[in-house]
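Chain by chain, the residues run as shown.
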Amino acid sequence: MYKYVVKRLLMMIPTLIGAAVLVFLLLRAIPGDVCEVRLAGTGLYADPAEIELCQKSLGLDKPLILGLDTQFTDFVGGYFTFDLGESMWTGKPITYEIGLRFKLSLQMAIMATVVAVAIAIPLGIISAVKQDTWIDYAVRAFSIAGIAIPSFWLGIMIILGLLIFTQAWLGEPWMPPIDYVSPLEDPWRNLSQLIWPAVATGYRYSAVATRMTRSAMLEVLREDYVRTARAKGLMEKVIINHHALKNALLPVVTIIAIEFAFLIGGLVVTEQVFNLNGLGKLFVESVGNQDFALTQQLVMLVVLVFVFTNLVVDVFYAWLDPRIRYS
Amino acid sequence: MATPEVYIDSEGLAEDQRSLLGKLAGLCRRQPLGAAGALVVIAMIVMAVFANLISPYDPELAAFENMLQAPNADYWFGTDQFGRDILTRLIYGARTALFVGFTCAFIGATGGLVLGVASAYFGGRFDLILQRIMDVFMAFPLIILALAVVATLGTGIQNVIIAITIPFIPQCARVVRSSALSIREIPYVDAARACGFSDLRIILRHMAPNVMAPYLIMLTTFVGQAILLEASLSYLGLGVQEPTPAWGLMLQGGAEEYAESAPWVPIFPGIAISLAVFGFNLFGDALRDLLDPKLRNR
């Protein structure tokens, strides 16, 4: 087991190095840089000497990769000194910029997951138990619709619906608050802001989990021990909830864990719709400003979370099933 | 070799047709969702192909005197902030969506097919290195990789296609590789090698046809995914640019601004995107059930 974990940890290294190189080169292939965006972006004349000075102060005049003191060593070297550098746009430390938004993104990810689980598990079970009936078809159509409906459009529709219904019922239109308040400070205000994007993303994200629950349940329900339980005369409810569900949940938990990892960084479009100041929005902004330093750290954060989640899931599987360890 | 005689028997033909229709009806009964999906897909293709015949107006011509009209007899789905007919732009948008969808899906899935089979066939160090490279690409959320590529190449339809295709290749390669691994063990591959066929020929002629099931399944799923991704990128302003009619673009800017006073502007394009992706996903699911008995009931 110990050997397996070490092996998997070592396998993470080439993936992370590859991701770092890929992101680095992709960003450097963009014509222009943050200095030009900042100084010439307004359409006014920018002094080339001033741009050069700015590039020099940010280290953008250094060679790209080859050499000891390059832009790439600046980027990767930061990981060994635990210094992620400063945003090229605001000049503040990147850890500060990320920390400011991380809470919101994390809370959104958790809430969306809760919504997804609350939808996926009951629907998946019903769909499997009533296989090939109209209930099954309805659930499957509902879950496929979840993948099909763009979450940003669902977001616009939710906002629109809120406006129309509050207008009709309360007499004046109501919109979710725009500024983020910590849930500890004002839980009600916090919830009234974040519940809507959480529903929009949670529904989408429940689709895969519903299908996974359904297929896992179908497999388990055909097992001998379920037949034995039925033959014993156990109540169907007990069989499903205690005997079948527990064994079907493993792949479902995996899918949920992996999607959770993606949610933290992958909320790009939803945050745009609800005007939330999270990591996704920060990413879009930093790409727009050509803020290389911030963009590459954000991407690496998402990649790291994803790779690490995958590792934890694999190790968990190997712990449960010794055959995986030796293959 | 004697050529078999060909009979033209009108009765037999009729019977054949009936059985074909019967088969189709049977398929609809067994796969009602898949049949519904196929219907949406066909409707969309017809819409895209005959866009200039069906649509009543010009999709790109602004007519400010007709700005933001509510749905009425002349403009069934209303008009947008430039006075353009929304229905017309939806019909032409199907062209953009299908073009992007099919191009990305075809190139992505085919690239994945070749890489996946090659990876399984050669094995060893080649496989190991290729898999690590795939790992790198798979570690990015689809939208973030696509955004990064668009940021590099710039906006516009070709660059959107490239941005969406790149993340598809490793996804398909991984699935194809796992089926190709089991095929490699079948003796006919050894036989082909013993005959002295080139590696390329064995990969393309002997192995690739046997992984068609996962390939086709990935292909149809990719079409839906590509349509959705294109819409997301266009919505963020990083995809297809005005005045080209594209569904995601129709949701951008004005659509949100006028949502309250002119809800038809954001509603219809969103329905079009959802319906299209829904259709392709249902179709892909049914295809999976038909082609891959092992995956049935998943």
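Residues numbered from 1 in each chain as written. Chains lettered and ligands numbered in written order. Predicted model: local features only at pLDDT ≥ 70, side-chain atom pairs only at ≥ 80, totals over all residues. Heavy atoms only, no water.

A. A look at the overall build of chain A. For chain A, the count of helices and strands is 14 helices and zero strands. Secondary structure elements of chain A occur, N-terminal to C-terminal, as α-α-α-α-α-α-α-α-α-α-α-α-α-α. In terms of overall dimensions, chain A has a C-alpha envelope of 85 × 65 × 35 Å along the principal axes. Here chain A holds 327 residues, and 47% of them are scored as buried. Considering only intrachain contacts with a sequence separation of at least 6, the fraction spanning at least 24 residues in chain A is 69%. By element, 68% of the accessible surface of chain A is carried by carbon and sulfur atoms, the whole surface being about 16,600 Å². Averaged over its 25 positive side-chain charges, chain A has a centre that lies 14 Å from the centre of its 27 negative ones. (Helix = DSSP H or I, 4+ residues; strand = E, 2+ residues; numbered from the N terminus. Buried < 20%, exposed > 50% of the residue type's maximum accessible area, 1.4 Å probe, protein only. Contact = heavy atoms within 4.5 Å. Areas by Shrake-Rupley, 256 points an atom, 1.4 Å probe, with all protein chains shown as cover. Lys, Arg positive; Asp, Glu negative; His and termini not counted. Charge placed at Lys NZ, Arg CZ, Asp CG, Glu CD.)

B. Quick look at the environment of S55(B). All names here are of chain B. Mapped onto the fold, S55 is located in the loop between helix 3 (51-54) and helix 4 (86-122). Along the primary structure S55 and L115 are separated by 60 residues, whereas in three dimensions their C-alpha atoms are 42 Å apart. Look past the residues within four positions of S55 in its chain and what remains in contact with it is T88, I91 and Y92.

C. Representation of the domain arrangement of chain A in the model. All names here are of chain A. When its domains are assigned, chain A resolves into domain 1 (31-83) and domain 2 (98-320). Taking the mean C-alpha position of each, domain 1 and domain 2 sit 39 Å from one another. At the junction of the two partners, domain 1 supplies eight residues and domain 2 supplies eight residues. With both sides pooled, the region where domain 1 packs onto domain 2 buries about 620 Å², and carbon together with sulfur makes up 58% of that total. There are zero residue pairs in polar contact (both at pLDDT 80 or more) connecting domain 1 and domain 2. Residues of the side of domain 1 that touches domain 2, tallied by class, amount to six nonpolar, one polar and one charged. (Domains from an automatic or database assignment. Buried area = accessible area lost by both parts, 1.4 Å probe. Polar contact = N/O pair within 3.5 Å; in protein donor to acceptor, adjacent residues only side chain to side chain. Nonpolar A, V, L, I, M, F, W, Y, C, P; charged D, E, K, R; others polar.)

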